[in-house]
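# Commentary on secondary and tertiary structure
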4 protein chains.
Amino acid sequence: MIAIAVSEEIFIFVCKTESFIMPKAKDPDKAKAIHRAAMMLVIETGFSGLKMADVAKEAGMATGTLYIYYKSKDELINDIYLETKKEIIALLTNPNLVTETFYTAYRNRWFAYFNYCLKNPEKMLFVEQFLYSGYIEESIYNQVEELFKPLNQFLLDGQKNGLVKQLDIEILKAQMEGAIHEIIKMTVKRGKTLDAELKHECFNMAWDSVKQ
Amino acid sequence: MIAIAVSEEIFIFVCKTESFIMPKAKDPDKAKAIHRAAMMLVIETGFSGLKMADVAKEAGMATGTLYIYYKSKDELINDIYLETKKEIIALLTNPNLVTETFYTAYRNRWFAYFNYCLKNPEKMLFVEQFLYSGYIEESIYNQVEELFKPLNQFLLDGQKNGLVKQLDIEILKAQMEGAIHEIIKMTVKRGKTLDAELKHECFNMAWDSVKQ
Amino acid sequence: MIAIAVSEEIFIFVCKTESFIMPKAKDPDKAKAIHRAAMMLVIETGFSGLKMADVAKEAGMATGTLYIYYKSKDELINDIYLETKKEIIALLTNPNLVTETFYTAYRNRWFAYFNYCLKNPEKMLFVEQFLYSGYIEESIYNQVEELFKPLNQFLLDGQKNGLVKQLDIEILKAQMEGAIHEIIKMTVKRGKTLDAELKHECFNMAWDSVKQ
Amino acid sequence: MIAIAVSEEIFIFVCKTESFIMPKAKDPDKAKAIHRAAMMLVIETGFSGLKMADVAKEAGMATGTLYIYYKSKDELINDIYLETKKEIIALLTNPNLVTETFYTAYRNRWFAYFNYCLKNPEKMLFVEQFLYSGYIEESIYNQVEELFKPLNQFLLDGQKNGLVKQLDIEILKAQMEGAIHEIIKMTVKRGKTLDAELKHECFNMAWDSVKQ
DNA sequence: CATGAATGAGAGTTCATTCAT
DNA sequence: CATGAATGAACTCTCATTCAT
C-alpha cells in the first residue's frame, strides 16, 4: 500500500483491495433471508404464531442477529410489508406493460399481478393478513397509499375512453384485487394448478366485470 | 358500595343492585357477549393482539368467567368461526331467496351476502382472518366445508342452463366472494357508504364476471 | 343474609362477613414482602445483579405476581426508595423528638436516625446506592426533595440561636448524614457492634462538627 | 472516505488520517481511554446501565478492542477500582504532605483528598458505588485493604499525642471520609462551587469532629 | 356461577463475548 | 492489533389458565 500526503490531514492510499480492511458491511443477503423466513412462517402459523426464535432458526442464524437488521419484531413485519408492496408497485409500473390499446395494457397488468401472486402466494397472503394483524404502523400504511396513487391514472384513462365502468376507482380496484387474491388462495389451499387456459378464463371474468 | 360494621362479624352493605352479584341462573346471553367482544377485539387488534383479559373486560365480566363458557382461547375462537359460518349458511340457504329465474335467485343471494357483510363487517373480517390465523382446527374447517357443499348445486344448475361460465365452481365462488369482501373492506377502511345504486353496480360487476 | 329494598335501585344487605364474598383485595403484605426481598437482594448483589426472578423467589411467589403489584422493575425500585424515604421522614419529624433545648432535640434526632440506620442497614444502603443506580426517576427524586424541606427549618433555628455553624444547610446535612452512613457501613462490613458509649462518642463527633 | 476504483483490484482511498486505521504499535493510552469512558458512564447510568458497547463508543473504538486490553467487563471494572485506589493512596502518602505539626499534616491530607474528590468526582463516586455493585472481587478488595493500612499510623500518632479523640481508627476514618464524600456529592448534584473559605469551613467541621 | 389474584411457561429483547476479516 | 457482525444465554415482562374465595 502506498500513502501519499496531500495535506497534513488528507492522505491518498493506493492499495489492493484485499490488503485493505474493508469495514465489514451488514450482509444484505441476511436481511432478505430474514424476510423470507418470517414471511413463510407467517403464512404457516399466522402473525400470532410468529416467534422471533423461529424466524432466526428458519433463516439460519441466531436470534440476536435479527436485531442487528431490525429494531424489533414490529419493524421487521412492517418492513416486509413495505418491501413487498414496493416490489408489486415496481411490477405494475414496469414500462414493458404499456402497449397500444387499453385492453392489452390492462391484460398485461392483470397477468403480471396474477402471475406474481401465483408464484409468490406467501407474499400476497402476507400483505393481505398484515392489514388486519394489528402490527401495521400508520406511517407505513400512508407511505404505501402514496406509492399506489400513480396506478389509479391508468384506470381513469380507461374510464375517460369509455372502456371501463364509471365507478369509484377504489371499488374497481377492490373488485379486481379481491377476486385475484381469493382465486389464488383457493388454488393454493386446494393444491390446484392453473394452466394457461384457466388463467385466461380468470382474466376474462376480471375483464367482464370492469369493462363498460 | 358502602360497608357499615354493626359488630365485628355483622356488616351492613348498601349498594346499587347491579354492583352486587346476585346469585342467578346461568346466563345464556353471556356466551354471545363473549362472542361479540372477542370478534370486535380481533378486528381492532388482530388475532395476535387478542387477550382473554381484554375479552372479559369488553364483555363486562371477569377472566375466570370466560372459562365457564369456553374451555380455552382456541375453542372460543374456533367456536366464533363455526357459529358465524353457520349464520352465513343459514342466510344463503334461506328459502325466501329462491325465485323463478336463475338471475333473480343469484341476485337475491348476492345481495343477501353483500348486505350481511356490509352490516357485519366484523364477522366477515373475522372469518377471513381466521383461516390464516394459525388458530383453526382441522375438524372445524372440515365441518364448515361440509356445510357449504349444498350451495354449490345452485351454481352447477346455472352452468347446466348455460347461464354461468363453464369454470371450476371453486373459481367462480372465489371470484365472487373475493370481490365482495374486498369491496366491503375498502368501504369500511375508507369510511365510505354505499347507496342502493352503487350496490347495484357492484352486483353488475359480479354478474358480468360470472355470466356466460 | 337479609336484603332490604330501600328503593328500586338501592338495597341494604345485612350479613355476616364470611357469608359475603368480599372482593379479593390485593394483598398488602405481598407488596411489603416484595419490598423486603428486593432490598435484601440489592444489598447482596447490587442493582446490576437484581433479577426479578430472584425477587419473586425470595418473596415466595411467582414472577408474574410481582407485576400485579408493580408495573415494572423500575417502578418497584423507585417505590422502595420512596417508601423508605417516607419512613425516614416520619421518623425524623416524630413530635416525640422535640424537646426544650436545641441540643437535646438535635441529639434525639441524631440518635433516632443513627439507630434507624444501624437497625436497618439494608434500607440505608439501598437509599444510598439508589441515587446513582441509574434507576431513579426525576419525579420521585423531586417528590422526596419536597418532603425533606421541612426538616431544614430545625437547623436554621439552631443557626439563628448561634448554636450551629453559619454554613449552607445542605453542607451541614451532608456532613452529618455522610458521617453516619459511612460509620454504619464500616460497622456492618467489619461485623462490629456499637455499644451505648461508642454511639455516644459518634454523636459527640457529629455535634462537635456542627456546633458553633 | 472516498474510494476510487483504478482497476478491479486496485483502489484509491482518500481520507482524513484519523478515519483510516494506521497499523500502529499497541497504544498505551487506550487502556486509560477505556478507564475514563467506563468511569464516566458508570456515573451517568450506574453499574446496571454500563454496557461494553457504550464504553467502546465513548472511548472511540470497537467493542472487540476492549477485550484486547481487558479480559472481561468484571476485570475492567475491578481494574478501574484498583487503579483509582492506588492513585488515592499515592496522593495521601505523598511525602510533601508531611509537616512539623500534626494539625498541619492533617490539614494537608484533608485538603489533598478533598480537592482530589472535588476535581475527580467521577472517581470518588465510582469507588463508592463499586463496593456495593456486586462486581467486586475479594482479592481486589483485600489488596486495597492492605495498601491502606500504612495510613492508619498517622492517626494513631495523633491519638498518642492526645490530639485526636480516642476512638476506633476505622470510626474516625469513616467520619471523615463519609463527610467529605457526602459534601462533594451534594456539591456536584446541586451544581454548587466551593470557594477557599467554604472549603476551610468544611475542614473545620472535619477537624472539630476528630480533635480531642 | 362468578371473581380476579396468582401462576409460570414462554415470548421479545439485550448485551458480554467471540472471531473472521 | 483493530474491527463490528454474529452469537445465544439470560433477562424482563406477558398472558392463558387456574382456583380459593
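No experiment lies behind these values; they were computed from the predicted model shown.

So, about the protein's contact with DNA strand E. The environment of DNA strand E is formed by 34 residues, the closest being Tyr67 of chain A, Thr65 of chain B, Lys30 and Thr65 of chain C together with Met52 of chain D. Considering the 4 Å shell around the protein, atoms of DNA strand E inside it are sugar or phosphate in 72% of instances. One of the backbone N or O atoms of Leu50 of chain A is found 3.1 Å from a phosphate oxygen in DNA strand E. In terms of residue count, the dominant contributor to the surface near DNA strand E is helix α3 (residues 63–69) of chain B (5 residues). Partitioning the surface near DNA strand E into residue classes produces 14 nonpolar, 11 polar and 9 charged.

Moving on, we come to the UniProt feature "DNA-binding region" (unreviewed entry) in chain A. UniProt's feature table lists "DNA-binding region" (unreviewed entry) at residues 51–70 of chain A, given in the numbering used throughout. Taken end to end, residues 51–70 of chain A has its terminal C-alpha atoms 14 Å apart, with 75% of it in helix and 0% in strand.

Further remarks concern the protein's contact with DNA strand F. Taken together, the neighbourhood of DNA strand F is formed by 35 residues, with Lys30 and Thr65 of chain A, Met52 of chain B, Tyr67 of chain C together with Thr65 of chain D sitting nearest. Per the 4 Å cut-off to the protein, sugar and phosphate atoms form 70% of the nearby atoms of DNA strand F. Here a phosphate oxygen of DNA strand F sits 2.6 Å away from a polar atom, N or O, in the main chain of Met52 of chain B. Take Gly64 of chain D: an N or O atom from its main chain is 3.2 Å from a base nitrogen of DNA strand F. Elements supplying a minimum of two residues to the surface near DNA strand F: α3 (63–69) of chain A, α3 of chain B, α3 (63–69) of chain C together with α3 (63–69) of chain D.

Right, let's talk about the environment of Lys173 of chain A for a bit. Residue and element names in this part refer to chain A. Relative to the elements of secondary structure, Lys173 occurs in helix α8 (residues 169–189). Through-space distance from the C-alpha of Lys173 to that of Val210 is 9.3 Å; in sequence the pair is 37 residues apart. What Lys173 contacts, discounting residues up to four positions off in sequence, is Asn152, Leu155 and Gly178. Among the polar contacts listed, one links the side chain of Lys173 to the side chain of Asn152, at a separation of 2.8 Å.

Take the relation of the copies chain B and chain A next. By a simple turn and slide, chain B fits onto chain A: the slide is 0.1 Å along the axis, the RMSD is 0.2 Å, and the turn is 180°. Given the turn and translation reported, the copies of this chain are related as if by a two-fold rotation axis. Counting the interface residues of chain B, we find that 100% of their copies in chain A are interface residues as well, pointing to one common contact surface.

Moving on: the interface of chain B and chain A. Contacts between the two partners involve 40 residues from chain B, matched on the other side by 41 residues from chain A. In total, about 3,700 Å² of surface goes out of reach between chain B and chain A, with carbon and sulfur atoms giving 57% of it. Run the count over chain B and chain A and you get 10 salt bridges. Salt-bridge contacts for Arg190 of chain A lead to Glu170 of chain B; the nearest nitrogen and oxygen are separated by 3.4 Å. Summed over the shared surface of chain B and chain A, the number is 10 residue pairs in polar contact (both at pLDDT 80 or more). At the level of secondary structure, the elements contributing two or more residues to the side of chain B that touches chain A comprise α1 (28–45), α6 (121–130), α7 (138–160), α8 (169–189) and α9 (196–210) of chain B. Take the side of chain B that touches chain A: its biggest share by element is 12 residues, from α8 of chain B. Within the side of chain B that touches chain A, the residues separate by chemical class into 18 nonpolar, 10 polar and 12 charged.

All names here are of chain C. It is the contact of helix α5 (residues 102–119) with helix α7 (residues 138–160), at a shortest axis distance of 11 Å, that shows an interaxial angle of 145°. Crossing of α5 over α7 shows left-handed handedness. Listed contacts from α7 to Phe102, Ala105, Tyr106 and Arg109 of α5 are Leu151, Phe154, Leu155 and Gly158. A per-class count over the contact of α5 with α7 returns 6 nonpolar, 1 polar and 1 charged.

With that out of the way, let us pick up the packing of aromatic side chains. Counted under the stated rule, the structure contains 64 aromatic pairs over all chains. Arranged with centres 6.3 Å apart and planes meeting at 40°, the rings of Phe102 of chain B and Trp207 of chain B form a pair that is tilted. Remark: Trp207 of chain B occurs in helix α9 and Phe102 of chain B occurs in helix α5 (residues 102–119); sequence separation between them is 105 residues. When its relative accessible area of 12% is taken as the criterion, Trp207 of chain B is described as buried. With centroids separated by 5.5 Å and ring planes inclined at 65°, the aromatic side chains of Trp110 of chain D and Phe203 of chain D adopt a geometry described as edge-to-face. Note that Trp110 of chain D is positioned in helix α5 (residues 102–119) and Phe203 of chain D in helix α9 (residues 196–210), a separation of 93 residues in sequence. Under the relative-accessibility criterion, Trp110 of chain D is labelled buried at 5%. An aromatic cluster is built from Phe102, Tyr103, Tyr106, Trp110, Phe111, Phe114, Phe154, Phe203 and Trp207 of chain A, whose rings are joined through pairwise contacts. If you follow Arg109 of chain A out to its NZ or CZ, it ends over the ring of Phe154 of chain A, 4.1 Å from the centre.

Rules and cut-offs
- Residues numbered from 1 in each chain as written.
- Chains lettered and ligands numbered in written order.
- Predicted model: local features only at pLDDT ≥ 70, side-chain atom pairs only at ≥ 80, totals over all residues.
- Heavy atoms only, no water.
- Near = heavy atom within 4 Å.
- Polar contact = N/O pair within 3.5 Å; in protein donor to acceptor, adjacent residues only side chain to side chain.
- Helix = DSSP H or I, 4+ residues; strand = E, 2+ residues; numbered from the N terminus.
- Nonpolar A, V, L, I, M, F, W, Y, C, P; charged D, E, K, R; others polar.
- UniProt positions renumbered as here; feature names shortened; annotations may be inferred.
- Contact = heavy atoms within 4.5 Å.
- Least-squares fit on C-alpha atoms with pLDDT ≥ 70 in both.
- Buried area = accessible area lost by both parts, 1.4 Å probe.
- Salt bridge = Lys/Arg side-chain N within 4 Å of Asp/Glu carboxyl O.
- Axes fitted to C-alpha atoms, helices over the stretch in contact; angles between N-to-C directions.
- Left-handed = near helix turned anticlockwise from the far one by under 90°.
- Phe/Tyr/Trp six-rings, centres within 6.5 Å; stacked < 30°, edge-to-face > 60°.
- Buried < 20%, exposed > 50% of the residue type's maximum accessible area, 1.4 Å probe, protein only.
- Lys NZ or Arg CZ within 6 Å of the ring centre and 35° of its normal.

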